[in-house]
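Examination of the molecular architecture
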Amino acid sequence: RALKSTRSKLGTNQVSSAMLERARKTLGVSDATAKDLHVACFNAQVRAELGLPDATAKDDDAAAGQEDEDETVGGSVMDLAALKFTGEDAMEKLDQLREILGLSETDAEYEISLEATPLYQSTALAALKDVLATVKTPEDAWSIMESRRDELLLKKESTKSLLSSMVMQALGGPLEETNKFAKVNNEAATYDHMLRTLEAKEVLISILAKSGWDEFDNFDETFCNPWDKQSANGFLSSDERIKLYKMFLSRSIRKSDGGKISDEMYARIMDVKGLLGITDQQAEIESRAAFGPELQKVLNTAMLEIVEDYTPELAENMKRRANEVVESYRLTQDFLREVGATFYAKAVALVSEKAPGGIPSKELSQALEALRELYNLEMTDCYSYHMEHFGSIYKKSVLEAMGSTGVIRPEFRESLEKLKGRLGVSEEACQALFLEAIQDKMVPMVKWIGSEMERTMLTQKQLAQRRGKDMGEDVFQSGKGADGVLGLGSEVNIMSDIMELVDFYNENDVAKEEERTRTVEKQVEEGGETKLVAVEETYTETVYPVTALAAGNMDQEMAELLYRQFTVGGFTTQGEQGARYEASRETFGGILGLTKEKMDDIKDNIGSTVYDNFISNAMKTKGSMDQQDMMFLANIQTKLGLSPEQGEKMMTQSQKKILSEEIDAIMDDPSPQRVKAFREKCNSMGMDLIADVGISKPRLVRMFEVEVIPGLKTGEINAEQTEIFQEIQESLGIELEECEAMFENVLAQLSKNAFELIKGELLRGREENCVDLIKELVRYADFTEGDLGLEVEEAVGNQVLNIYESVDLGGQSADEIEHNKELLRAAMKLS
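What you see is a predicted model, and the numbers here were worked out from it, not measured in a lab.

What follows deals with the overall build of the protein chain. Along its length, the protein chain carries 34 helices and four strands. Among the 831 residues that make up the protein chain, the fraction classed as buried is 41%. Partitioning the intrachain contacts of the protein chain with sequence separation of at least 6 by distance along the chain shows that 71% fall at a separation of at least 24. Looking at the protein chain as shown, the accessible area adds up to about 45100 Å², and 48% of this sits on carbon and sulfur atoms.

The structure is reproduced here in structure tokens:
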């Protein structure tokens, strides 16, 4: 009641939002309920201002079973076109009520739109129908619609979606009618109704143009999106849309003048394409299907005529006919090229059959050129067809140019260059064919070299196993291993065959230099500091496009064996021929297909073998290497292409290997003299026993013991004579502290052994046998001031001391004798 009272008192200043707030609090109405009641109150006022019945009355009619789509009052249908906001103060009242009810402008606009939209829509649809029925002009219709919008207080933006929806409805009706005829394949009726639909589309575009809205500029994109079910054509399936387009296209051609598509007709077809949402790709497919046969007929005739009897005039006439078809049916150049390419392939095949010797004559070459121009084809588009029919001719010509020598002479190279143009084969394809010919010629040469290598190096049994067949009886089998110069086994006589292969490769310019890039680290100065930075650098690499390994007529093992043998042959051959072999070494490795890393490995292996054998012989015969030996090794290094660092490394490795083998032999039957000679040899060569020779710590201890123990036992090494001990320590390269620890261990073990022998002799009553052993203990005690770490029983200790005191120690001074007794007492733990 309070809300109704509020409506009745609008404009009297007798109501306010504060009054409603007090009423709401008194009645205990929640905020949510109050909001709903306020909206309903505002809606009732909107309907009242429009002249519509109260919503409660409409609900009563619905309850009584009188509900209808149209507004009614007392069962009578209202004239919706006559309803509008009455009076100039209608909007003022609504604004006042909105403020009292505390509603937002958005809420108010929504309620106005909710009630006014159906009224606007009724008027707008009627206006659109009148325009489609040519009763009104688009200008009149737009004027009516704008006036109605103003009467209903609708914002212009709010009618945009309404207008879009109505346009889709207005256009969807004619399209649906057109589709009915298409379903029963009534092409004539489909065509006529589609024209009417296009007229409706033009009318709607005229109306929309009055709105000034940019969204309506592209009509087809806005209203004819087939993937939007609400669009004008959204109810049509993809097949239905395509069928409508095909029928209209087909009917358009039949109704055209002379089967040509005029500009006006083409524009209509494009309009239908947009109306139905047909993609460019689908339109192209339909166009090709409809007009392709006509183009194919013209292009096929042109191909046959031009190949049969070419003249420039004929080519020009056929080109004009082809262009007329393309222009008449609005076909694309892409389609012309696609169809033309198939006929060009046939033309190349016909020319190949007609050409004498498979090489096209000048006239036939001109005929093909004319066809390329007619079909709008580039030469690059046609290389594959020329390759298919003329590629074998070029390869055959290359093989013939090689002749018996296998090398293409300069004058033949010029002829082959001209032949490329006549045949129309691409530069890349010709290069590939050239390499195929090179491979065909190279295969027998490689097989022969590999066969000779196998025959010379393997026994008949090994050869049979490798080749998988019986090679007969080997009457020369000896089982001898490779020896030759420096133990390399360089007896295989295939060097001339290999050089023939290298010359064949070089003189035909098969290998190519290619630029490559790699990332390297370089030092740069930055902010006063030296830093490593990654930079790209360009380098040149020789590429071998045809190799024995890639051709499949040689395995990796044989390739490595041949390279090794060729390297050895170059190494062992002197003079000009040797230099020629050395210069060809890398090329031969590339021809075989070996990587640079693998070639370096093989050279290193050969170098190691040579160094090992030479250094071993030199050291066996002379004990060390002199200046002449070093010069010989430097020559080997040059011949094998080794860097100074590699040569130094190999020499060190060889020396280490030889010395390692020598010490192994010495330690099998060691003697102080042999150990001493070995370490002195290592010292003279500047070889560290641990770092360079690789002697382990346990073995170094053993060598120390071999030299020291006999000297200790004989007294050659004593507390007064330590120079020998120092010389051994420095020579073996042992730290002083470590050497002292080793010596103490040796001394303790020797002392223990000597004391055990003494006890054994005393037990057997052979005191005379203890004298030398006791003197030995005294010498050992002299190193440690008497403490030898022995476990001694007092009785045994006294017995040992008594024996020593009874011995004739002539030659020693009284002080020495007394000193030695004190040492013995300490060793025997006697106080």
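Another point: helix α16 (residues 362-374). In this model, α16 (13 residues) spans 18 Å end to end at C-alpha, consistent with the 18 Å of a helix rising 1.5 Å per residue. Buried-residue contacts for α16 involve α13 (280-308), α14 (312-328), α15 (333-354) and α17 (379-402). Count one or two residues on from α16 and you reach N376, which has phi positive near 60 degrees.

For the rest of this paragraph, the subject is the pairing of strand β3 (residues 512-526). Relative to strand β4 (residues 529-543), β3 runs antiparallel, the two sharing 15 bridges. Looking at β4, one finds that K522 is bridged to V533. Remark: two residues form the turn of the hairpin made by β3 and β4, two consecutive strands paired antiparallel; G527 in that turn has positive phi of roughly 60 degrees.

This part takes up the confidence of the model for the protein chain. Detailed reading of the predicted coordinates is not advisable wherever pLDDT falls low. Per-residue confidence for the protein chain averages 82 on the pLDDT scale, and 89% of its residues sit at or above 70. Low confidence marks residues 470-492, where pLDDT is under 50. Its contacts with residues over four positions away, or in another chain, come to 40 contacts.

With that out of the way, let us pick up the environment of N218. Looking at where N218 falls in the secondary structure, it is placed in the loop between α9 (187-209) and α10 (219-223). Considering only alpha carbons, one finds N218 and I205, 13 residues apart in sequence, at a separation of 9.5 Å.

Moving on, we come to the environment of L642. Its location among the elements puts L642 in the loop between α26 (627-639) and α27 (644-668). The spatial distance from the C-alpha of L642 to the C-alpha of D600 is 8.9 Å, given a sequence separation of 42 residues.

Contact pair helix α31 (residues 736-763) / helix α32 (residues 771-784): the axes reach a minimum separation of 10 Å and the direction vectors enclose 155 degrees. Judged by the angle between their axes, α31 and α32 are roughly antiparallel. When you trace α31 past α32, the crossing you get is left-handed. Residues F743, L747, L750, S751, A754, F755, L757 and I758 of α31 lie in contact with α32, whose contacting residues are L773, I774, E776, L777, Y780, F783 and T784. Residue composition of the contact of α31 with α32, by class: 12 nonpolar, two polar and one charged.

Residues other than glycine seldom take positive phi values, yet N376 does so here, at roughly 60 degrees. Structurally, N376 is set in the loop between α16 and α17. According to the relative accessible area criterion, N376 is partly exposed, its value standing at 31%. A positive phi angle is found at E785, which is not glycine, with a value near 60 degrees. Look at E785 and you get exposed, because its relative accessible area is 71%.

Attention now goes to the side chain of N553. Checked against the element boundaries, N553 lands in the loop between α22 (548-551) and α23 (556-572). Judged by relative accessible area, N553 falls into the buried class, the value being 18%. Among all residues touching N553, those that are not within four sequence positions of it are V443, V446, K447 and A548.

For the structure on display, the rule yields eight aromatic pairs. Ring plane angle 45 degrees and centroid distance 4.8 Å describe the contact between F219 and F223, whose orientation is recorded as tilted. With F219 and F223 both in helix α10 and four residues apart, this pair spans about one turn of that helix. Taking relative accessible area as the criterion, F223 reaches 0% and is therefore assigned buried. Ring geometry for Y505 versus Y544: centroids 5.9 Å apart, planes at 40 degrees, classification tilted. Of the two residues, Y505 sits in helix α21 (residues 495-507) while Y544 sits in the loop between β4 and α22, which places them 39 residues apart along the sequence. Exposure remark for Y505: the relative accessible area of 0% places this residue in the buried category. Within the aromatic cluster, the residues linked to one another by ring pairs are F566, Y581 and F588.

On to the packing of α32 against helix α34 (residues 814-827). Closest axis-to-axis distance for the α32/α34 pair is 9 Å, and the angle between their directions is 90 degrees. It follows from the interaxial angle that α32 and α34 lie roughly perpendicular. Along its contact with α32, which presents I774, V778, A781 and D782, the element α34 presents H819, N820, L823, L824 and A827. Among the residues making up the contact of α32 with α34, the classes are represented as six nonpolar, two polar and one charged.

This part is about the side chain of R241. For R241, the position within the fold is in helix α11 (residues 238-254). Of the side chains with opposite charge, E240 lies nearest to the buried R241, which makes no salt bridge, at 7.7 Å. Within the structure, the side chain of R241 is placed 3.1 Å from the backbone oxygen of G277, a separation counted as a polar contact.

Moving on: the pattern of salt bridges. The final tally for this structure, using the stated rule, is 45 salt bridges. We note a salt bridge from K201 to D220, for which the minimum N-O separation is 2.8 Å. Taken together, the residues K201 in helix α9 and D220 in helix α10 connect sequence positions 19 residues apart. With a relative accessible area of 3%, K201 lands in the buried category. Notably, a salt bridge pairs K759 with E756, separated by 3.4 Å at the nearest N-O pair.

This part is about helix α12 (residues 263-276). Here α12 contains 14 residues, and its C-alpha end-to-end distance of 20 Å stays within 8% of the 20 Å for a straight helix at 1.5 Å per residue. Among the residues of α12, M265, I269, V272, K273, G274, L275 and L276 are the ones counted as buried. As for α12, its buried residues are in contact with α8 (160-183), α9, α10, α11 and α13. Positive backbone phi, approximately 70 degrees, marks G277, located one or two places after α12.

So, about the environment of E221. Mapped onto the elements of the fold, E221 is located in helix α10. On the basis of relative accessible area, E221 is assigned to the exposed category, the value being 60%. Each C-alpha atom, one on E221 and one on L275, is 9.1 Å from the other, the two residues being 54 residues apart in sequence.

What counts and what doesn't
- Residues numbered from 1 in each chain as written.
- Predicted model: local features only at pLDDT ≥ 70, side-chain atom pairs only at ≥ 80, totals over all residues.
- Heavy atoms only, no water.
- Helix = DSSP H or I, 4+ residues; strand = E, 2+ residues; numbered from the N terminus.
- Buried < 20%, exposed > 50% of the residue type's maximum accessible area, 1.4 Å probe, protein only.
- Contact = heavy atoms within 4.5 Å.
- Areas by Shrake-Rupley, 256 points an atom, 1.4 Å probe, with all protein chains shown as cover.
- Expected span 1.5 Å × (residues − 1).
- Pairing = 2+ DSSP bridges.
- pLDDT = per-residue confidence, 0-100.
- Axes fitted to C-alpha atoms, helices over the stretch in contact; angles between N-to-C directions.
- Parallel < 35°, antiparallel > 145°, perpendicular 65-115°, else oblique.
- Left-handed = near helix turned anticlockwise from the far one by under 90°.
- Nonpolar A, V, L, I, M, F, W, Y, C, P; charged D, E, K, R; others polar.
- Phe/Tyr/Trp six-rings, centres within 6.5 Å; stacked < 30°, edge-to-face > 60°.
- Lys, Arg positive; Asp, Glu negative; His and termini not counted.
- Salt bridge = Lys/Arg side-chain N within 4 Å of Asp/Glu carboxyl O.
- Polar contact = N/O pair within 3.5 Å; in protein donor to acceptor, adjacent residues only side chain to side chain.

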